[in-house]
Amino acid sequence: MNGFIFDLDGVIVDTAKYHYLAWKNLANSIDIEFTELQNEELKGVSRVKSLEKILAWGNKTISETEFEALMKKKNEEYLNYISTMTSSEILPGVQAFLETIKEANKPIALGSASKNARYILDRVELRPYFDAIVDGNDVSTAKPNPEVFIKAAQTINCQAKECVVFEDSVSGIQAANTAQMYAVGIGEQHILFEAQIVFNDFKSMPSNFITELIKK
Ligand code: B16
Ligand code: MG
């Protein structure tokens, strides 16, 4: 593989827990129940689409102005949670894996739906590893549309078929598959079964898998 593309939330850092808290508080403030299971469905989904889904679950219709105000409120609370993040929140094995790719001189890109991606990478001090960052500010369509990964591959001058994508969400795996990239799921096999291969985390990736992936 010649290009290594990483999703952010759920792959590099576990920000899903902060998204969950912020969405739950917001949903409850407008009398909508919000469960951890529903939060699963928001993984990889853009901020706008997430709020649309929550409102649909709660059978609520609101004005455009209210919608904008709720989006702003959710992000302010989320930013508050992530403002204290440090490198201790990098998921197991991620930094060592990034080091190995760097040593192999392969380009690394970020392909995230989040508009806060750059800020988070700075907080956890991983920004220097990335040759390209494509996030929610750079795309007009959300995963499962492959736009974010196609742009990331173009930015690092790699053919789609030479790229591997690391993803924790079903929509992200589908996006990678549509882009004809090699999709590696980070999470649970029964959820991410559409990926070519699934690992619980980077620490459980056998070293021969990594070596083969670099040579592939
Ligand atoms: P923000 P990823 C996604 O990031 C999250 O998984 C998803 O839960 C979130 O709603 C989305 O980013 C937008 O995030 O509100 O920060 O713009 O997994 O694609 O890195
Ligand atoms: Mg994710």
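Source: prediction; values computed, not measured. (Residues numbered from 1 in each chain as written. Chains lettered and ligands numbered in written order. Predicted model: local features only at pLDDT ≥ 70, side-chain atom pairs only at ≥ 80, totals over all residues.)

Further remarks concern the overall build of the chain. The number of helices and strands found in the chain is nine helices and six strands. Relative to the globule expectation of 17 Å for 216 residues, the C-alpha radius of gyration of the chain, 17 Å, shows essentially globular dimensions. In terms of overall dimensions, the chain has a C-alpha envelope of 50 × 35 × 30 Å along the principal axes. Here the chain holds 216 residues, and 40% of them are scored as buried. Contacts spanning at least 24 positions in sequence make up 61% of the contacts within the chain whose residues lie at least 6 apart. (Helix = DSSP H or I, 4+ residues; strand = E, 2+ residues; numbered from the N terminus. Rg over C-alpha atoms; globule rule 2.2 N^0.38 Å. Buried ≥ 20, exposed ≤ 12 C-beta atoms within 10 Å, placed from the backbone. Contact = placed C-beta atoms within 7 Å.)

Our focus in this paragraph is the environment of Lys 161. Tracing the backbone shows Lys 161 in the loop between helix H7 (147–155) and strand E4 (163–167). Between the alpha carbons of Lys 161 and Ala 179 there is a distance of 8.2 Å; along the sequence they are 18 residues apart.

Let us look at the domain arrangement of the chain. When the domains of the chain are assigned, the result is domain 1 (3–13 + 88–215) and domain 2 (16–82). Each of domain 1 and domain 2 was reduced to a C-alpha centroid, and the two centroids are 25 Å apart. With 14 residues of domain 1 at the contact, the number on the domain 2 side is eight residues. Elements that contribute at least two residues to the side of domain 1 that touches domain 2 include exactly helix H6 (117–123) and helix H8 (170–178). Considering only residue class, the side of domain 1 that touches domain 2 consists of three nonpolar, six polar and five charged. (Domains from an automatic or database assignment. Nonpolar A, V, L, I, M, F, W, Y, C, P; charged D, E, K, R; others polar.)

So, on to the nonpolar core. If you look at soluble globular proteins, the nonpolar side chains tend to sit buried side by side. If you look at the biggest cluster of nonpolar residues, it comprises 61 residues, and the most contacted ones within it are Ile 5, Ala 109, Phe 149, Ala 152, Val 164, Val 165 and Met 181. By residue number, the principal contributor to this core is helix H1 (residues 16–29), which donates six residues. Viewed by domain, this core spans two of them, domain 1 (3–13 + 88–215) and domain 2 (16–82), each represented by three or more residues. (Core = buried A, V, L, I, M, F, W, Y, C linked by C-beta atoms within 7 Å.)

Moving on, we get to the site of ligand 1. Surveying the vicinity of ligand 1 reveals 20 residues, the closest of which are Leu 8, Asp 9, Ser 112, Ala 113 and Ser 114. Of the residues that constitute the shell around ligand 1, the class distribution is four nonpolar, eleven polar and five charged. Counting contributing residues, the shell around ligand 1 receives three or more from each of domain 1 (3–13 + 88–215) and domain 2 (16–82). (Near = placed C-beta within 6 Å.)

The subject of this paragraph is the sheet that holds E4. Taken in spatial order, the six strands line up as E3-E2-E1-E4-E5-E6 in an open sheet, and their pairing is parallel. The outermost strands of the open sheet, each flanked by one partner alone, are strand E3 (132–134) and strand E6 (197–199). When the angles between neighbouring strand axes are averaged without regard to direction, this sheet yields 20°. Pairing of strand E1 (residues 3–6) with strand E2 (residues 108–111), which is carried by three bridges, proceeds in the parallel orientation. The partner of Phe 4 across the bridge, within E2, is Ile 108. (Pairing = 2+ DSSP bridges. Axes fitted to C-alpha atoms, helices over the stretch in contact; angles between N-to-C directions.)

A word on unusual backbone geometry. In most cases, non-glycine residues show a negative phi, while peptide bonds are predominantly trans. Of note, the bond from Lys 143 into Pro 144 is cis; its omega dihedral lies within 30 degrees of zero at 15°. Among the secondary structure elements, Pro 144 is positioned in the loop between E3 and H7. With phi around 55°, Asn 59 is a residue other than glycine that occupies positive phi space. On the secondary structure map, Asn 59 appears in the loop between helix H3 (47–57) and helix H4 (64–82). Located in the positive-phi region is Gln 180, a residue other than glycine, with phi close to 60°. Along the polypeptide, Gln 180 turns up in the loop between H8 and strand E5 (182–186). For Gln 180, a count of 14 C-beta atoms within 10 Å translates into the label partly exposed.

On to H8. It helps to recall that an α-helix has 3.6 residues per turn; residues three or four apart then point in one direction. Buried residues of H8: Val 170, Ser 171, Gly 172, Ile 173, Ala 175 and Ala 176, and no others. Looking at the buried positions of H8, the neighbouring elements they touch are H7, E4 and E5. Phi turns positive, to about 60°, at Gln 180, one or two residues after H8.

Next up on the list: the pairing of E5. In terms of burial, E5 is largely enclosed, as five of its five residues are buried. As paired elements, E4 and E5 share four bridges and run parallel to each other. Bridged to Phe 166 within E5 is Val 184.

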